[in-house]
Amino acid sequence: MATINPVQFIQQVRAEIAKVVWPTRREVLLTTVMVFIMAALTAVFFALVDLLIRTGLQGILGMF
């Protein structure tokens, strides 16, 4: 294993961090809102599917 100078390692880490493109506050806000909207839509979809399956099963089991 090659040994790396700790100072050189820190310099490399700082150089890599400088390359990162950080999102703006507006981008973070928009993506957060979109995640909440998609989570709400998914919850509504699965609630409707659950209601449909429950109603169907109760109808089928009620016949017997």
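Residues numbered from 1 in each chain as written. Predicted model: local features only at pLDDT ≥ 70, side-chain atom pairs only at ≥ 80, totals over all residues. Heavy atoms only, no water.

The protein chain goes by Protein translocase subunit SecE in an unreviewed UniProt entry, where it is assigned to Epibacterium ulvae. In the Function (unreviewed entry) part of its UniProt record, the protein chain is described as follows: "Essential subunit of the Sec protein translocation channel SecYEG. Clamps together the 2 halves of SecY. May contact the channel plug during translocation." Quoted verbatim from the Sequence similarities (unreviewed entry) heading of the UniProt record, the comment on the protein chain is "Belongs to the SecE/SEC61-gamma family." (UniProt positions renumbered as here; feature names shortened; annotations may be inferred.)

A.B. asks: Describe the environment of Leu-48, naming the residues involved and giving the relevant values.
C.D. replies: Tracing the backbone shows Leu-48 in helix 2 (residues 25-63). When the C-alpha atoms of Leu-48 and Ala-18 are compared, they prove to be 47 Å apart, with 30 residues separating the residues in sequence. (Helix = DSSP H or I, 4+ residues; strand = E, 2+ residues; numbered from the N terminus.)

A.B. asks: Pulling in residues and values, what's your account of the pattern of salt bridges?
C.D. replies: Within the structure shown, the criterion is met by 2 salt bridges. Between Glu-16 and Lys-19 there is a salt bridge, with its nearest N and O atoms 3.2 Å apart. Highlighted residues: Glu-16 and Lys-19, both in helix 1 (residues 6-19), separated by 3 residues, approximately one helical turn. What makes Lys-19 exposed here is its relative accessible area of 58%. Of the charged contacts, one joins Asp-50 and Arg-54 as a salt bridge, the two residues approaching to 3.9 Å between their closest N and O atoms. Taken together, the residues Asp-50 and Arg-54, both in helix 2 and 4 residues apart, mark about one turn of the helix. Of the residues examined, Asp-50 reaches a relative accessible area of 46% and is grouped as partly exposed. Overall, the relative accessible area of 44% leaves Arg-54 in the partly exposed class. (Salt bridge = Lys/Arg side-chain N within 4 Å of Asp/Glu carboxyl O. Buried < 20%, exposed > 50% of the residue type's maximum accessible area, 1.4 Å probe, protein only.)

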